[in-house]
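# Understanding the architecture of this molecule
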Amino acid sequence: RARSLGLNLFVLQLVVNFFWSPIFFNMRAYGFALFWLLLLMVLVIAMIFAFYKSDPASAWLQVPYLLWLAFAVFLNAGVWLLNP
């Protein structure tokens, strides 16, 4: 059950991740893109917890991705604040 949940969350976060680029770069909706990234971070955190229940090593391998998302949130917030 945990493995199935983890894989479903993995696919969902991939879809959300895919749509961030068009939102940020094409639509230039920086505020919405920031909230979209926060949604992505929540999905990745949930995915990590689901992965940890079935295979702890796979959960730890997602931590750099989560840190990269935190950096992306910082950059996205900076662009949003500097472009009113």
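This text follows the structure it describes.
Note that the structure is predicted; figures quoted are calculated from it, not measured. In this numbering scheme, every chain counts its residues from 1 along its sequence in written order. Side-chain atom pairs in this predicted model are given and counted only at pLDDT of 80 or more, local residue features only at pLDDT of at least 70, and totals for whole chains, interfaces and linings cover all residues. Side-chain numbers come from the whole structure's heavy atoms, not from hydrogens or water.

All right, on to the overall build of the protein chain then. For the protein chain, the helix and strand inventory stands at 4 helices and 0 strands. Secondary structure elements of the protein chain occur, N-terminal to C-terminal, as α-α-α-α. If one aligns the C-alpha atoms of the protein chain with their principal axes, the spans along those axes are about 45 × 20 × 15 Å. Each of the 84 residues in the protein chain was classed as buried or not, and the buried ones make up 36%. Residue pairs at least 24 apart in sequence account for 66% of intrachain contacts in the protein chain once pairs closer than 6 positions are excluded. Element-wise, carbon and sulfur atoms account for 76% of the exposed surface of the protein chain, whose accessible area totals about 5,700 Å². Comment: elements are numbered from the N terminus, with helices defined as DSSP H or I runs of at least four residues and strands as E runs of at least two. For every residue, the accessible area (1.4 Å probe, protein chains only) is compared with the maximum for its type, and the residue is labelled buried under 20%, exposed over 50%, or partly exposed between those bounds. Contacts are residue-level and defined by heavy atoms, with any inter-residue pair within 4.5 Å sufficient. In this description, accessible areas are obtained by the Shrake-Rupley approach with a 1.4 Å probe, and a residue is regarded as covered only by the protein chains that are shown.

Okay, unusual backbone geometry next. Of note, Arg 28 is a non-glycine position whose phi angle comes to about 55 degrees, a positive value. Its location among the elements puts Arg 28 in the loop between helix H1 (2-26) and helix H2 (30-54).

The definition of a nonpolar core used throughout is a set of buried Ala, Val, Leu, Ile, Met, Phe, Trp, Tyr and Cys residues joined through side-chain atoms within 4.5 Å. In this structure, Leu 37, Leu 40, Val 44 and Leu 69 are the most contacted members of the largest nonpolar core, which totals 24 residues. When residues in this core are grouped by element, the largest group, 12 residues, is from H2.

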